[in-house]
Amino acid sequence: MKVNFEKVKSDKIKNSFLEALSKFEDLHEYPITLYQKRVKSSTMQAQPIISLKNIFSGVKRYRIKLGVYVSSSERLKIEEVPQKVMTGWFAHELGHLIDYLSYSNFGMIKYGLQYVLSNSFKIKAEHEADYIAIKKGFRDEIIATKEWVLNHDLVGQRYKDRLNKYYLSIEQVELCNVNEPPFVPIIE
Ligand SMILES: [Zn+2]
């Protein structure tokens, strides 16, 4: 694993990340930076690192940006969430990276535009990240993350609404057959 922690001080965060990443063998050859910073809009974000140097070269590098607080909450620190929830969160983000692997760096730019412009593309991408994490063996952790977010009093309603709109529901995850990619229609 080629992991670089940037501004991450908590050992709990580092260990959860390494635990999740250890099961994503297909990612072990790529440099991944886990970077913690105060961000307003989201708790975590998986990003390809694209520069002029690698846009056509095929060299792939990734970064996962991590907030200090859970979403918009000013009181809930990420390092304080239960370990299982944190691991589920990371498994989802690493699911995104697996999804990104099939795209060229140039293709990722188009991907990014579609993600921003199209709700159905965004839903498909978020569902795919969950499916990949489930296939890697993190079904219980993915459920734990969703239950924790949806039931926590200090997590803002906007974040919960976004989770309900774009992500797989707990029932859909429970129905997942780990060996077979399930068919779940997108209902808009
Ligand atoms: Zn996601």
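Structure report, in brief.

Conventions we followed
- Residues numbered from 1 in each chain as written.
- Predicted model: local features only at pLDDT ≥ 70, side-chain atom pairs only at ≥ 80, totals over all residues.
- Heavy atoms only, no water.
- Phe/Tyr/Trp six-rings, centres within 6.5 Å; stacked < 30°, edge-to-face > 60°.
- Helix = DSSP H or I, 4+ residues; strand = E, 2+ residues; numbered from the N terminus.
- Buried < 20%, exposed > 50% of the residue type's maximum accessible area, 1.4 Å probe, protein only.
- Patch = residues over 30% accessible without salt bridge, like charges linked within 9 Å, V, L, I, M, F, W, Y side chains within 5 Å.
- Areas by Shrake-Rupley, 256 points an atom, 1.4 Å probe, with all protein chains shown as cover.
- Salt bridge = Lys/Arg side-chain N within 4 Å of Asp/Glu carboxyl O.
- Donors = N, O, S within 2.8 Å, 3.2 Å for Na, K, Ca; no water.
- Pairing = 2+ DSSP bridges.
- Right-handed = clockwise from strand over helix to strand, strands pointing away.
- Core = buried A, V, L, I, M, F, W, Y, C linked by side-chain atoms within 4.5 Å.
- Contact = heavy atoms within 4.5 Å.
- Polar contact = N/O pair within 3.5 Å; in protein donor to acceptor, adjacent residues only side chain to side chain.

1. Structural notes on the packing of aromatic side chains
Item 1. Using the criterion set out here, one finds ten aromatic pairs in the structure.
Item 2. Ring centres of Phe17 and Phe90 lie 5.1 Å apart, and the angle between their planes is 80 degrees; on these two criteria the pair is classed as edge-to-face. With a gap of 73 residues between them, Phe17 in helix α1 (residues 11–22) and Phe90 in helix α2 (residues 83–101) connect regions that are remote in the sequence.
Item 3. By relative accessible area, which is 0% here, Phe17 ends up buried.
Item 4. A residue is classified by how much of its surface remains accessible, and Phe90, at 0% relative accessible area, is buried.
Item 5. Members of the aromatic cluster, joined through ring pairs, are Tyr30, Tyr62, Tyr100, Tyr103, Tyr111 and Phe121.

2. Things to note about unusual backbone geometry
Item 1. Despite not being glycine, Lys7 shows a phi value in the positive range, around 60 degrees.
Item 2. Tracing the backbone shows Lys7 in the loop between β1 (2–6) and α1.

3. Observations concerning a nonpolar patch on the surface
Item 1. Taken together, Ile50, Phe56, Phe106, Ile109, Leu113, Val116 and Leu117 make up a surface patch of nonpolar side chains, about 780 Å² in accessible area.
Item 2. Residue placement: Ile109 occurs in helix α3 (residues 105–117).
Item 3. Looking at Ile109, the relative accessible area reads 38%, which means it is partly exposed.

4. Some words on the coordination of the zinc ion
Item 1. Around the zinc ion, the donor atoms from the protein are His92 (NE2), His96 (NE2) and Glu126 (OE), and they sit 2.0 Å away.
Item 2. The motif formed by the donor residues of the zinc ion, counted along the single chain, is H-x3-H-x29-E. Of this pair, His92 and His96 both sit in helix α2, four residues apart, which is roughly one turn of that helix.
Item 3. Classification of His92 by relative accessible area gives buried; the value is 6%.

5. Details of the pairing of strand β2 (residues 31–36)
Item 1. Along β2, five of the six residues are buried, which leaves the element largely enclosed by surrounding structure.
Item 2. Across five bridges, β1 lies against β2 in parallel orientation. Counterpart to Val3 in the pairing with β2 is Ile32.
Item 3. A crossover connection joins β1 to the parallel β2 through α1; in handedness this β-α-β unit is left-handed.
Item 4. Pairing of β2 with strand β4 (residues 62–66) involves five bridges; the strand directions are parallel. Bridging across to β4, Gln36 finds its partner in Leu66.

6. Some remarks on the pairing of β4
Item 1. Across the five residues that make up β4, a large majority, four, are buried.
Item 2. Bridge count for strand β3 (residues 44–48) against β4 is five bridges, and the pairing is antiparallel. Residue pairing across strands places Met44 opposite Leu66, the latter belonging to β4.

7. Things to note about the nonpolar core
Item 1. In terms of nonpolar packing, the biggest core is built from 53 residues, with Phe24, Leu27, Trp89, Phe90, Leu94, Leu97 and Trp148 touching the most fellow members.
Item 2. At ten residues, α2 tops the list of elements feeding residues into this core.
Item 3. Once you skip the residues sitting within four places of it in the chain, Phe24 turns out to touch Ala91, Leu94, Gly95, Ile98, Ile132, Ala133, Lys136 and Phe138.

8. Some words on the environment of Ile78
Item 1. Relative to the helices and strands, Ile78 is located in the loop between β4 and α2.
Item 2. With 68 residues separating them in the primary sequence, Ile78 and Ser10 have C-alpha atoms 9.6 Å apart.

9. Some remarks on the side chain of Lys160
Item 1. Position of Lys160 relative to the elements: it lies in helix α6 (residues 157–166).
Item 2. Polar side-chain contacts of Lys160 include one of 2.8 Å to the backbone oxygen of His152.
Item 3. Excluding residues within four positions of it along the chain, Lys160 makes contact with Val149, Leu150, His152 and Val155.

Purely spatial values, then, with no claim about function.
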